Amino acid sequence: QQQVKQSPQSLIVQKGGISIINCAYENTAFDYFPWYQQFPGKGPALLIAIRPDVSEKKEGRFTISFNKSAKQFSLHIMDSQPGDSATYFCAAGGGSQGNLIFGKGTKLSVKP
Amino acid sequence: ETGVTQSPTHLIKTRGQQVTLRCSSQSGHNTVSWYQQALGQGPQFIFQYYREEENGRGNFPPRFSGLQFPNYSSELNVNALELDDSALYLCASSTGLAGTNTQYFGPGTRLTVL
């Protein structure tokens, strides 16, 4: 019940394309869903986060879509750039969970 | 405003030894969480400290212990190191519980156990 399942494990996208990463959770008490970006040798950096009172949140080229009934949320990266090549992690937290549960990550490669 | 810092950057230990990792939280943050990130995996929650008290613990044995100091900096101690303890150890700080508040991660400490 505490898992966050993330897919795909890896993703290759052409420059200018749309990258889509999906996550699913089980615990309906979760009410905070952040996405983190991690470059090799660095700690994760918060990219964008959403709470379940909205179905979509957009910040620049990054958009989170949230489907509460399906217990799924996804990250869309528009106009993907080579500099976006990194590992992306979804996470979930809230309710009685005083910490974040992370997905296993998606390694994104954007080809020029 | 300074970000989350961790020391050391890299560390090599042998099986059975003990290690202490350090973290300075971001200015104004009173909560520190520690995570273990194995190669190719997502961060796994170890424990969280809020105002110097442990507030939540993941599925890690008691040989993983920690402290938080009055200035909100923190230490992670691991006793009787095992080969599987080799990982990137991440510290994150926030204002309030990590499950619902934005966490800011440090660069991590890479621990290798031989």
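Novice: Can you break down the interface of chain A and chain B residue by residue, with the values?
Specialist: Buried accessible area, meaning the area lost when the parts come together, often serves as the stated size of an interface. With 20 residues of chain A at the contact, the number on the chain B side is 20 residues. Carbon and sulfur atoms make up 55% of the area that chain A and chain B hide from each other, which totals about 1400 Å². It is Pro-44, Gly-98 and Phe-102 of chain A that lose the most area in chain A upon contact with chain B, and together they represent 30% of the buried surface on that side. Applying the counting criterion to the chain A and chain B interface returns zero salt bridges. Elements with a minimum of two residues in the side of chain A that touches chain B: strand E4 (33-38), strand E9 (86-94) and strand E10 (97-102) of chain A.

Novice: Explain the pairing of strand E7 (residues 64-68) of chain B residue by residue, including any values.
Specialist: Residue and element names in this part refer to chain B. With burial as the criterion, only one face of E7 is covered, namely that bearing Phe-64, Gly-66 and Gln-68; the residues Ser-65 and Leu-67 on the opposite face remain uncovered. Bridge count for E7 against strand E8 (residues 74-78) is five bridges, and the pairing is antiparallel. If you follow Gln-68 over to E8, its bridge partner there is Ser-74. Count of turn residues in the E7/E8 antiparallel hairpin: five residues, of which Tyr-72 carries a positive phi of about 75°.

Novice: For the state of the cysteines, give the residues involved together with the corresponding values.
Specialist: In protein structure, a disulfide is the covalent linkage between the sulfur atoms of two cysteines. Residues and elements named next belong to chain A. What the rule picks out here adds up to two disulfides over all chains. Each disulfide pairs two cysteine sulfurs, and for Cys-23 the partner residue is Cys-90, the sulfurs being separated by 1.8 Å. Sign of the S-S torsion, about -95° for the bond between Cys-23 and Cys-90, identifies this disulfide as left-handed. Here Cys-23 is found in strand E3 (residues 19-25), whereas its partner Cys-90 is found in strand E9, with 67 residues between them in sequence.

Novice: Report on the nonpolar core, specifying residues and quantitative values.
Specialist: The tendency in soluble globular proteins is for nonpolar side chains to be buried as a group. Residue and element names in this part refer to chain A. Counting 25 residues, the largest nonpolar core has Phe-33, Trp-35, Leu-47, Phe-73, Leu-75, Tyr-88 and Leu-108 as its most contacted members. Where this core is concerned, the elements lending two or more residues are strand E2 (10-14), E3, E4, strand E5 (45-50), strand E7 (62-67), strand E8 (72-77), E9 and strand E11 (106-111). For this core, the element with the most residues is E9, which contributes four residues. Those residues in contact with Leu-75 that lie beyond four places of it in its chain are Ser-19, Ile-20, Ile-21, Trp-35, Leu-47, Ile-48, Phe-62, Thr-63 and Tyr-88.

Novice: Explain the sheet that holds E8 of chain B to me, and be specific about the residues and the numbers.
Specialist: All names here are of chain B. Taken together, the four strands give an open sheet; going across it, the order is E1-E3-E8-E7, and neighbouring strands pair in antiparallel fashion. Strands at the two margins of the open sheet, each flanked by one partner only, are strand E1 (5-7) and E7. The sheet shows a mean angle of 20° between the axes of neighbouring strands, direction not considered. The sheet contact formed by E1 and strand E3 (residues 19-24) spans three bridges and is antiparallel. Across the sheet, Ser-7 pairs through a bridge with Arg-22, a residue of E3.

Novice: Describe the environment of Pro-112 of chain A, listing the residues and the values that go with them.
Specialist: Within the secondary structure layout, Pro-112 of chain A lies in the segment after E11. Note: C-alpha distance between Pro-112 of chain A and Gln-14 of chain A (98 residues apart in sequence) is 6.3 Å.

Novice: Just give me the short version of the packing of aromatic side chains, but keep the residues and values in it.
Specialist: One pass over the structure, following the stated rule, counts 17 aromatic pairs over all chains. Seen in terms of ring centroids, Tyr-25 of chain A and Phe-33 of chain A are 4.8 Å apart; in terms of plane orientation they differ by 45°. Their pairing is tilted. The class for Phe-33 of chain A is buried, based on a relative accessible area of 0%. With a centroid separation of 5.4 Å and 85° between ring planes, the pair formed by Phe-47 of chain B and Tyr-49 of chain B is classed as edge-to-face. Assessed through its relative accessible area of 6%, Tyr-49 of chain B is described here as buried. Grouped by ring-pair contacts, the aromatic residues Tyr-25, Phe-30, Phe-33, Trp-35, Phe-66 and Phe-73 of chain A constitute a single cluster.

Novice: Describe the sheet that holds strand E6 (residues 56-59) of chain A, listing the residues and the values that go with them.
Specialist: All names here are of chain A. With antiparallel pairing, five strands are arranged side by side in an open sheet as E1-E3-E8-E7-E6. With one partner strand each, in any of the chains shown, strand E1 (4-7) and E6 form the two edges of the open sheet. Between one strand axis and the next, the sheet turns by 15° as a mean value, whatever way the strands run. Two elements, E6 and E7, share four bridges in a ladder whose sense is antiparallel. Bridge pairing links Lys-57 to Ile-64 in E7.

Cut-offs applied
Residues numbered from 1 in each chain as written. Chains lettered and ligands numbered in written order. Predicted model: local features only at pLDDT ≥ 70, side-chain atom pairs only at ≥ 80, totals over all residues. Heavy atoms only, no water. Contact = heavy atoms within 4.5 Å. Buried area = accessible area lost by both parts, 1.4 Å probe. Salt bridge = Lys/Arg side-chain N within 4 Å of Asp/Glu carboxyl O. Helix = DSSP H or I, 4+ residues; strand = E, 2+ residues; numbered from the N terminus. Buried < 20%, exposed > 50% of the residue type's maximum accessible area, 1.4 Å probe, protein only. Pairing = 2+ DSSP bridges. Disulfide = S-S within 2.5 Å. Core = buried A, V, L, I, M, F, W, Y, C linked by side-chain atoms within 4.5 Å. Axes fitted to C-alpha atoms, helices over the stretch in contact; angles between N-to-C directions. Phe/Tyr/Trp six-rings, centres within 6.5 Å; stacked < 30°, edge-to-face > 60°.

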